[in-house]
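# Structure assessment
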Amino acid sequence: MKKFYLALGILVAFTQMSYANEKVEIESRFDIADVSTIILNVNVGEVTLETHQSNEVIIDVVVKESDNRWFSKADLDDIKLSKEISQQNMYLEVEAEDTNQDWKITVPQSVNLKLEIGVGRAHLSDVAKDIDIDLGVGDANISLANDDYSRIELETGVGDAKLDGFSDVKSKRSLVSKTIDWNGKGQYDINVDVGVGDVKVNLD
């Protein structure tokens, strides 16, 4: 009987590992000359975003089954990148339940950015326009190309917030939360709201 349970445990572990190893990789590149804002929605995963001076968006996203799945199996057969444009806004999303998504994306530095992430991390490098991030659980790290901003507001419900490279920064700390406000003479705004986790913004 003990051998039976041991074998069953090995089978379950092997099944879980096999599911977790299954993945789909999506690569795409396209021009967005008439787009002013990119809106990216990720349920669970990590977003690494860089900018460049062209009008091209370059995307490499790996979609894997969630590691916490046991007996059910995510459907990866019909995974695809959803792109929609409405009123100069481009909406990007991979609609797939019970998956973990690893996004590597390069976008024009001239576009505004809006990220909606349920659970995960966001790493943004060399950004220069409006930034709006709503992150439920995880960390956000942002490096700015310049200080052309009129307002920067960082808020975390449980965690820490930090703004480096700016003077006259106003911060408010409670028992577990922190809010940072900064006002300048630039053109753009940054708003980052993290439920549980840390947020850091620094000027390169």
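Heads up: the structure comes first, above all this text.
Not measured: the values here are computed from a predicted model.

About the criteria used
- Residues numbered from 1 in each chain as written.
- Predicted model: local features only at pLDDT ≥ 70, side-chain atom pairs only at ≥ 80, totals over all residues.
- Heavy atoms only, no water.
- Salt bridge = Lys/Arg side-chain N within 4 Å of Asp/Glu carboxyl O.
- Helix = DSSP H or I, 4+ residues; strand = E, 2+ residues; numbered from the N terminus.
- Polar contact = N/O pair within 3.5 Å; in protein donor to acceptor, adjacent residues only side chain to side chain.
- Contact = heavy atoms within 4.5 Å.

## Comments concerning the pattern of salt bridges
If you walk through the whole model with that rule in mind, you get 8 salt bridges. As a salt-bridge pair, lysine 114 and glutamate 116 come within 3.8 Å of each other at their nearest N and O atoms. For lysine 200, the salt bridge is made with aspartate 164, and the minimal N-O distance between the two is 3.9 Å. With lysine 200 in strand β14 (residues 199-203) and aspartate 164 in strand β10 (residues 161-164), this residue pair connects regions lying 36 residues apart in the sequence. Three or more residues joined by partner-sharing salt bridges are found here, namely Arg151, Glu153 and Asp181.

## A few points about the side chain of glutamine 109
Mapped onto the secondary structure, glutamine 109 falls in the loop between β6 (99-108) and β7 (112-127). Side chain to side chain, glutamine 109 and threonine 51 meet in a polar contact 3.3 Å long. The residues touching glutamine 109, leaving out its near neighbours within four places in the chain, are Thr51, His52, Gln53, Asp126, Ala128, Lys129 and Ala145.

On their own, these measurements won't tell you what the molecule is for.
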